[in-house]
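# Tertiary structure, described
In case you want the letters, here they are:
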Amino acid sequence: MNECEALYRIATACNCLGFHGEAKKYFMLYIEKCNKNDPAAWHSLANALEALNEDSKEAYKKALELYTEDSWGSCLWKGWCALKLGDYEEAYRLFRRSVELNGEYSLSWQSLAISLIKLGRREEAIDSMTRSRELKPSFEDRKCYGLRELSSLNVPESLRDEYEVILERARSGLNCSQ
């Protein structure tokens, strides 16, 4: 595994585990060293900053600017950036597009419902949440996902010491079947 891939995957796992300080550090390193134009990295950095009660607005703006609208997933995540920035009409438009491109993903319907609530369209929101529940979402516990992700990495020597500390911290606080 190269250093850039390791930085990104460690940062993602840290976000899932609630280790937002570490996630911030590794996403910033990834963006600086590897890819300044990765919308998911900017979005995830914004999530970490928000969890740390730090200003996340610029990172959400950058992600919003970089995400395309060529897939249901990019529309979904771009919609979340718009929602976090308070642009509920744009979030609604993007979530609607995500549902149009893939109507079988529960989180897209749930996200659409949230934007509809923000727009004061309660009845439509209820319909969207009903559809989300019908799809029976099966989201793995984020912390266990983060631990599983961390445990699967073969990181380069340059990151090994810090990685081992994070992995031990994660293992000591969780009870996940792997």
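Criteria and cut-off values
- Residues numbered from 1 in each chain as written.
- Predicted model: local features only at pLDDT ≥ 70, side-chain atom pairs only at ≥ 80, totals over all residues.
- Heavy atoms only, no water.
- Helix = DSSP H or I, 4+ residues; strand = E, 2+ residues; numbered from the N terminus.
- Rg over C-alpha atoms; globule rule 2.2 N^0.38 Å.
- Buried < 20%, exposed > 50% of the residue type's maximum accessible area, 1.4 Å probe, protein only.
- Contact = heavy atoms within 4.5 Å.
- Areas by Shrake-Rupley, 256 points an atom, 1.4 Å probe, with all protein chains shown as cover.
- Expected span 1.5 Å × (residues − 1).
- Phe/Tyr/Trp six-rings, centres within 6.5 Å; stacked < 30°, edge-to-face > 60°.
- Lys NZ or Arg CZ within 6 Å of the ring centre and 35° of its normal.

## Observations regarding the overall build of the protein
- Each helix and strand in the protein was counted, giving 10 helices and zero strands.
- The order of α-helices and β-strands along the protein, N terminus first, is α-α-α-α-α-α-α-α-α-α.
- Its C-alpha atoms give the protein a radius of gyration of 17 Å, near enough to 16 Å, the size a compact globule of 178 residues would have.
- Along the first, second and third principal axes, the C-alpha atoms of the protein reach 50 × 35 × 30 Å.
- By the burial criterion, 42% of the 178 residues in the protein qualify as buried.
- When contacts within the protein are restricted to residue pairs at least 6 apart in sequence, long-range pairs at least 24 apart make up 54% of them.
- Of the roughly 9,600 Å² of accessible surface on the protein, 47% is carried by carbon and sulfur atoms.

## Brief notes about helix H5 (residues 72-84)
- In this model, H5 (13 residues) spans 18 Å end to end at C-alpha, consistent with the 18 Å of a helix rising 1.5 Å per residue.
- Among the 13 residues that make up H5, 10 are buried, leaving the element largely enclosed by the rest of the structure.
- If you check which residues of H5 are buried, you get Gly73, Ser74, Cys75, Leu76, Lys78, Gly79, Trp80, Cys81, Ala82 and Leu83.
- Looking one or two places after H5, you find glycine 86, whose phi comes out positive at around 85°.

## Some points on the packing of aromatic side chains
- Taken as a whole and assessed by the stated rule, the structure comprises four aromatic pairs.
- On the numbers, 5.6 Å between centres and 80° between planes, the contact of tyrosine 8 with phenylalanine 27 is edge-to-face. Separated by 19 residues along the polypeptide, tyrosine 8 in helix H1 (residues 3-17) and phenylalanine 27 in helix H2 (residues 20-33) bring together distant segments of the chain.
- Owing to a relative accessible area of 0%, phenylalanine 27 belongs among the buried residues under this scheme.
- Between tyrosine 8 and tyrosine 30, the aromatic rings sit 5.1 Å apart at their centres with planes inclined by 65°, giving edge-to-face as the arrangement. Of this pair, tyrosine 8 sits in helix H1 while tyrosine 30 sits in helix H2, placing them 22 residues apart in sequence.
- Among the residues examined, tyrosine 30 registers a relative accessible area of 10% and is labelled buried.
- Through a chain of ring-to-ring contacts, the aromatic side chains of Tyr8, Phe27 and Tyr30 assemble into a single cluster.
- Taking NZ or CZ as reference, arginine 121 lies 4.6 Å from the ring centre of tyrosine 92, over its face.
- When the ring centre of phenylalanine 19 is taken as reference, the NZ or CZ atom of arginine 169 above it lies at 3.7 Å.

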